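These are the residues of each chain, in order.
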Amino acid sequence: MNTLLTIVALLIVLGVVVFVHELGHFLAARWAGVRVNTFSIGFGPALIKWHDRRGTMWKIAALPLGGYVSIYGQEDMFDRKKYAALPADKKRGHYLSVPAWKQFIIIAAGVTMNFILAWGIYSALFMFQPKNVQLPVIGQVIQESVAFKAGVKPGDTIVRIDEEKITNWGELIIAKELAANRDANVLVVRGEKLVQVKLSPAERWGLIADGSKTEFRKKGLWGAIYSGARETYHQSKTLLVVLKQIVTGERSSKQLGSFITIAEVSGQAMAMGFFALLSIIALLSVNLAVINLLPLPVLDGGYLLILIIEGITRRKLGGRGMEIAILCGWILIAAMFALTMWNDLARVFGLR
């Protein structure tokens, strides 16, 4: 693949997803009356920078693999004495000068914007990208496979797996992933009858789609909005299940990839066309939102959890224990970055 195309695609995908995430924090902070010091796309020295009327410095940095919003006083959330010692004019626009519920909105706004972005893209794709959908009709069942032993027959149409409604083969694959390592209750239509079968866990169920059973689908506005929300939910749920399986050892951590994987997939999508690139932006936006909601002290989810605990206990967290928790969070993030980089480098250079 063209290296330049891959780099450009990576910058577009990451740029859009990160900008929307940080824009959420920025807009929420402005709404709450909290000052924003910096809005940066990328890290490192500024290539371009300017200040707006309210004093926020906007910049595009040299390493465009991420970005951040610097909110005035947010670093003091575990050092209330420092905030209390500030003169009155320095407290104006400070993060701690607004009530906890507004702080919650500021922190939650980033992932909220990512979910909204994904929802909007998926809805647009359902409405403006008519496609020939592979229906969940079984064309062949492999001999002695899990599905064969359970009694699934060619011609069966799968309509539900556990609680997941199935309308196409792609949804079937996602539901199968969600059911990994446990029995799945599968409802099929066979002629005029509904038949319930149970498929035990296996890497493959042994089902092959009937390639002749397709349907041309294009959704209207409300159908597209509903389907966009459903797709966002399914992608979020799938990622959570995969992460759980990796933590519990049910799935190999070798499947995790770094920005190298993102670059490769983005480049492939860009080569396929505009709609494919939009799909990758939506998927990465969902992934960023879900990962940011994990309850680690250095992620948005960790800060939201702290605000919830403080609200329930009526006590402000801080001190040495919180410093250690934040340090452990950074160590875990660094370890995950190293693992994903090793996975990609080992794959690229054939080290495994």
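Being a predicted model, the structure only gives us computed values, none of them experimental. (Residues numbered from 1 in each chain as written. Predicted model: local features only at pLDDT ≥ 70, side-chain atom pairs only at ≥ 80, totals over all residues. Heavy atoms only, no water.)

(A) Highlighting the sheet that holds strand 6 (residues 164-165). What the 4 strands build is an open sheet, ordered 6-5-7-8; its pairing is antiparallel. Two strands bound the open sheet, and with one partner strand each, they are strand 6 and strand 8 (193-199). (Pairing = 2+ DSSP bridges. Helix = DSSP H or I, 4+ residues; strand = E, 2+ residues; numbered from the N terminus.)

(B) Spatial organisation of the nonpolar core. Phe 26, Val 34, Phe 39, Ile 71, Phe 78, Tyr 95 and Ile 106 are the most contacted members of the largest nonpolar core, which has 31 residues in total. Mapped onto this core, the elements with two or more residues apiece are helix 1 (3-32), strand 1 (36-51), strand 2 (57-71), helix 4 (100-128), helix 10 (300-313) and helix 11 (319-348). Ranked by residues supplied to this core, first place goes to helix 1 with 5 residues. Apart from residues no more than four positions distant in its own chain, Val 34 is found in contact with Ala 29, Ile 71, Tyr 72, Gly 93, His 94, Tyr 95, Val 98 and Ile 106. (Core = buried A, V, L, I, M, F, W, Y, C linked by side-chain atoms within 4.5 Å. Buried < 20%, exposed > 50% of the residue type's maximum accessible area, 1.4 Å probe, protein only. Contact = heavy atoms within 4.5 Å.)

(C) Here's a closer look at the packing of aromatic side chains. In this structure the tally under the stated criterion is 9 aromatic pairs. Their ring planes at 50 degrees and their centres at 5.6 Å tell us that Phe 19 and Phe 39 sit as a pair that is tilted. On the criterion of sequence distance, the pair formed by Phe 19 in helix 1 and Phe 39 in strand 1 is long-range, its members being 20 residues apart. Exposure remark for Phe 19: the relative accessible area of 33% places this residue in the partly exposed category. Relative accessible area serves as the criterion here: at 1%, Phe 39 is assigned to the buried category. (Phe/Tyr/Trp six-rings, centres within 6.5 Å; stacked < 30°, edge-to-face > 60°.)

(D) Seen up close, the environment of Lys 176. Relative to the helices and strands, Lys 176 is located in helix 6 (residues 169-178). Along the chain, Lys 176 and Gly 151 lie 25 residues apart, while their C-alpha atoms are 17 Å from each other. Ignoring anything within four residues of it in the chain, the contact list for Lys 176 reads Ala 202, Glu 203, Arg 204 and Trp 205.

(E) Helix 6, seen in detail. Where helix 6 is concerned, the buried positions are Trp 169, Glu 171, Leu 172, Ala 175, Lys 176 and Leu 178. Buried residues along helix 6 sit against strand 3 (131-134), strand 4 (138-141), strand 5 (157-161), strand 6, strand 9 (207-209) and helix 7 (221-247). Where helix 6 begins, the capping side chain belongs to Asn 168, and its oxygen is found 3.0 Å from the backbone nitrogen of Gly 170. (Polar contact = N/O pair within 3.5 Å; in protein donor to acceptor, adjacent residues only side chain to side chain.)

Structural measurements only, silent on function.
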